[in-house]
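Structural features, examined
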Amino acid sequence: MSEDKAASAFDVIVVGGSYAGMSAALQLARARRRVLVVDAGRRRNRFADTSHGFLGQDGVAPDVIASIGKAQLLSYPSVTWVEGSVQHASRADDAFEVHLEAGDRHIGKRLILAVGVTDELPPIEGLTERWGRHVFHCPYCHGYELDGGRIGVLGVSAMSMHHALMLPDWGATTLFLNAAFEPTADDLRALNDRGVVLERSRVVRLSGDATVELADGRHVAMDGLFTLSRTDVASPVAAQLGCAFEEGPMGPFIRNDGLKQTSVEGVFACGDAARMAGSVAFAVGDGALAGVSAHRSLMFGLQG
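The structure reproduced in this document is the subject of the present report. These numbers come from a predicted model, not from an experiment. Starting from 1, residues in each chain are numbered consecutively following that chain's sequence as written. Restriction of local features to residues with pLDDT of at least 70 applies here, the model being predicted, together with a cutoff of 80 or more for giving and counting side-chain atom pairs; totals for whole chains, interfaces and linings are based on all residues. No hydrogens and no water enter the side-chain calculation; it runs on all heavy atoms of the structure.

For two strands to be treated as a pair, DSSP must find at least two bridges joining them. Under the DSSP-based scheme used, a helix requires at least four consecutive residues in state H or I and a strand at least two consecutive residues in state E, with every element numbered from the N terminus. Taken in spatial order, the five strands make up an open sheet running S8-S15-S9-S10-S11, and their pairing is parallel. Of all the strands in the sheet, the pair left with one neighbour each is strand S8 (135-136) and strand S11 (197-199).

So, in structure tokens, the structure goes:
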């Protein structure tokens, strides 16, 4: 790593430039505040061909939504965009200092963490290359496009019951237990009431578009599959700053209050890294609130 370069100062540094980060930065730019956005360019939905459920952008490719958002954001002269990742962050007197991988050093009066999450997928052969195209996690984002067809749920834990009980609204549903958990008697009654087919044979691999190959030799063709990933916050920055975390059903997220303030004064968090579950629409709303809250704290103080 090169030696640290001279620090530049901003009102707010936004760590992460996907949907939540850009939305936060936009509010601050419109308040004529000097904003730095640091983005590593790894949006969580980069594997999907289209994005759904976000009003005005339903069915648009994720990279198109992101490109339009970035262009609109950078039309504000108070916004600086840096491609890269923050390697370390710390408090510096009454502000915060971030160090980038290239050696750049920046100081901000406030930080907004929009760092996103990483997905740890179930270890099933053929799943990773189908993620976001034929295998999904959010029914609201991708269920409608399956056109009421055959939907599979790949079990990973008892949390998969939630998927299995939801998805009959989108199509005929089969729950592939894959020895991940054993449904209770109440679970079995609920699955039966919802018309869910239960498949106990172990899943060997996925093939074709969404065909489930089972250990007993059967191949069960689906129109789409849903499963739950284990998530983790995609940057060490929140932990470095001492932010508290909550343990969600599928992984940790940064604890924050109703105004997106973390446990560390002056640090706000938004998007998938700051909630139990996410979508583009949630991320944009989260980011807008975080941006407004950070601006409010600049105007009236952290206790205002």
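Having seen it, we continue.
The criterion for an aromatic pair is that two Phe, Tyr or Trp rings (for Trp, the six-membered ring) have centres within 6.5 Å, with stacked assigned to planes under 30 degrees apart, edge-to-face to planes over 60 apart and tilted to the rest. Taken as a whole, this structure holds two aromatic pairs when the rule is applied. Ring geometry for Phe136 against Phe226: centres 5.5 Å apart, planes inclined by 50 degrees, an arrangement best described as tilted. You can see Phe136 sitting in strand S8 and its partner Phe226 sitting in strand S15 (residues 224-227), a full 90 residues away along the chain. Pair check on accessibility: Phe136 and Phe226 agree, each one buried. Distance and angle both matter: a charge sits over a ring if NZ of Lys or CZ of Arg is within 6 Å of the ring centre and within 35 degrees of the ring normal. Just above the ring of Phe10 sits the side chain of Arg34; from NZ or CZ to the centre is 4.3 Å. A cation over a ring is seen here: Arg275 above Phe282, with NZ or CZ 4.6 Å from the ring centre. Exposure categories follow from relative accessible area, calculated using a 1.4 Å probe and restricted to protein chains: below 20% of the type maximum is buried, above 50% is exposed, and the middle band is partly exposed.

This part covers unusual backbone geometry. Peptide bonds are, in most cases, trans, and in most cases residues other than glycine have a negative phi. A positive phi is found at Asp147, a non-glycine position, where the angle reads about 60 degrees. Residue position: Asp147 is located in the loop between helix H3 (139-142) and strand S9 (148-154). Exposure remark for Asp147: the relative accessible area of 70% places this residue in the exposed category. The phi angle at Ala179 is positive, at roughly 60 degrees, despite the residue not being glycine. Secondary-structure assignment places Ala179 in the loop between strand S10 (171-176) and helix H5 (185-193). What makes Ala179 exposed here is its relative accessible area of 71%.

In short, shape yes, function no, at least from these values alone.
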